[in-house]
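Coordinate inspection notes
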Amino acid sequence: MSVVFAGLDAKVSGVQDQLERAFIEAPSVDDVCLTCSFQAEDVLLLKLALELRPDLPTLFLDTGYHFAETYAYRDRIAREWDVNLINLLPLTTVATQEAQHGLLYQTSPDRCCAARKVEPLFRAVANYKVWITGLRREQAKTRAALEESALFTLPGGKQVLKLSPLAQFSTADVWHACEDLSIPLLPLYARGYSSIGCEPCTSLPLDPGDARSGRWAGRKVECGIHIQAAR
Ligand code: SF4
């Protein structure tokens, strides 16, 4: 790694150690999943995790509203890295939802995210004991207190261990680690996007100092999958 980011080696080693411990404590491949949006931090974490557990179940929330570039990139990485990719589908197709409710991402993005992200994700994660995410504290104020390891309560009361090994990584750390590991990135970054979700709810950042300011045009900051169910 470069001299400028010399501390990055230790951070990456720390992530590898944390993943290794998680896999030792949950030896069955059916016990641990990783959620991957195919943004840079998730792909970095996926790369590190696959070195330890090549058949790791990797969950992608296929809302039906992603950029064509995201789908193409997902397929490329899945093919080249032989990822055990599990595509999570909502209960209703985009066509059915739009026929019944119109463009919910315009009229009620919370309802749209609840149906196309939160419900399918929580339904899938309930099948595992450990849930690994690429969340980072620096991504948003709502993530500033993120813990690397915490119990997460799903609707219905089941608890899973949620691990966020990249919690302390900065955006620069992610980019340099990806560069050092020769990880190709989602091409949308090269067009100026700094946080990439569903196409209708993603724009170029409105505030250059806030990577997620291009999400939902400032109407909300989280889709809900990282928010605890009401107890
Ligand atoms: S991000 Fe937008 S399009 Fe995607 S599920 Fe949420 S509201 Fe719907």
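Heads up: the structure comes first, above all this text.
Residues numbered from 1 in each chain as written. Predicted model: local features only at pLDDT ≥ 70, side-chain atom pairs only at ≥ 80, totals over all residues. Heavy atoms only, no water.

1. Focus: unusual backbone geometry
For clarity, the threshold we go by: Think of it this way: any DSSP run of H or I at least four residues long counts as a helix, any run of E at least two long counts as a strand, and we number them from the N terminus. Residue exposure (1.4 Å probe, protein chains only): buried if accessible area is under 20% of the type maximum, exposed if over 50%, otherwise partly exposed.
Despite not being glycine, aspartate 82 shows a phi value in the positive range, around 55 degrees. Take aspartate 82: it is sitting in the loop between helix H3 (68-80) and strand S3 (84-88). Aspartate 82 sits in the exposed class, given a relative accessible area of 62%. Even without being glycine, serine 182 reaches a positive phi, approximately 55 degrees. Note on placement: serine 182 falls in the segment after helix H7 (171-180).

2. What about the site of the ligand?
Stated precisely, the cut-off is as follows: For this purpose, a residue is taken to be near a molecule or strand whenever a single non-hydrogen atom of the residue falls within 4 Å of it. Ten residues, namely Ala, Val, Leu, Ile, Met, Phe, Trp, Tyr, Cys and Pro, are considered nonpolar, four, namely Asp, Glu, Lys and Arg, are considered charged, and the remaining ones, Gly among them, are considered polar.
By nearness alone, every residue bordering the ligand is listed as Tyr65, Tyr105, Pro109, Cys112, Cys113, Arg116, Lys117, Cys198, Cys201 and Trp216. Among the elements that make up the shell around the ligand, the one with the highest residue count is helix H6 (residues 109-125) (five residues). Taken together, the residues of the shell around the ligand sort by class into eight nonpolar, no polar and two charged.

3. Some thoughts on the environment of aspartate 55
This is how it is decided: The criterion used for residue contact is that any of the two residues' heavy atoms lie within 4.5 Å.
Mapped onto the elements of the fold, aspartate 55 is located in the loop between helix H2 (40-52) and strand S2 (57-61). Judged by its relative accessible area of 40%, aspartate 55 falls in the partly exposed class. The sequence separation of aspartate 55 and aspartate 82 amounts to 27 residues, and the corresponding C-alpha distance is 8.3 Å. Non-local contacts of aspartate 55, meaning those with residues more than four positions away in its chain, are made with Val29 and Asn84.

4. Topic: the nonpolar core
Counted only if it meets this: Remark: nonpolar core denotes a set of buried residues (Ala, Val, Leu, Ile, Met, Phe, Trp, Tyr, Cys) joined through side-chain atoms within 4.5 Å.
Of all hydrophobic cores here, the largest spans 42 residues; its most connected members are Leu44, Leu46 and Ile132. Looking at this core, the elements that each hand over two or more residues are helix H1 (7-25), strand S1 (32-35), H2, H3, strand S4 (130-132) and H7. By residue number, the principal contributor to this core is H2, which donates eight residues. In terms of nonpolar packing, the next biggest core, distinct from the first, is built from 24 residues, Leu88, Tyr128, Trp216 and Ile225 among them.

5. Examining the sheet that holds S3
The strands that make up a sheet pair up through hydrogen bonds in the backbone, lying either parallel or antiparallel. The cut-off we apply is this: Strands are treated as partners if at least two bridges between them are detected by DSSP. Lines fitted to C-alpha atoms define the axes, with helix axes restricted to the stretch in contact, and inter-axis angles between N-to-C directions lie between 0 and 180 degrees.
Strand order in this open sheet of six strands is S3-S2-S1-S4-S6-S5, and the pairing throughout is mixed. In the strand order of this sheet, the two ends are held by S3 and strand S5 (149-153), each with one partner. The mean inter-strand angle of the sheet, taken between neighbouring strand axes irrespective of direction, is 30 degrees. Of the pairings in the sheet, the one linking S4 to strand S6 (residues 159-163) comprises three bridges and is parallel in character. The partner of valine 130 across the bridge, within S6, is leucine 161. Here H6 sits on the sheet and contacts S1, S2, S3, S4, S5 and S6; the angle it forms with S2, its principal contact strand, is near 165 degrees.

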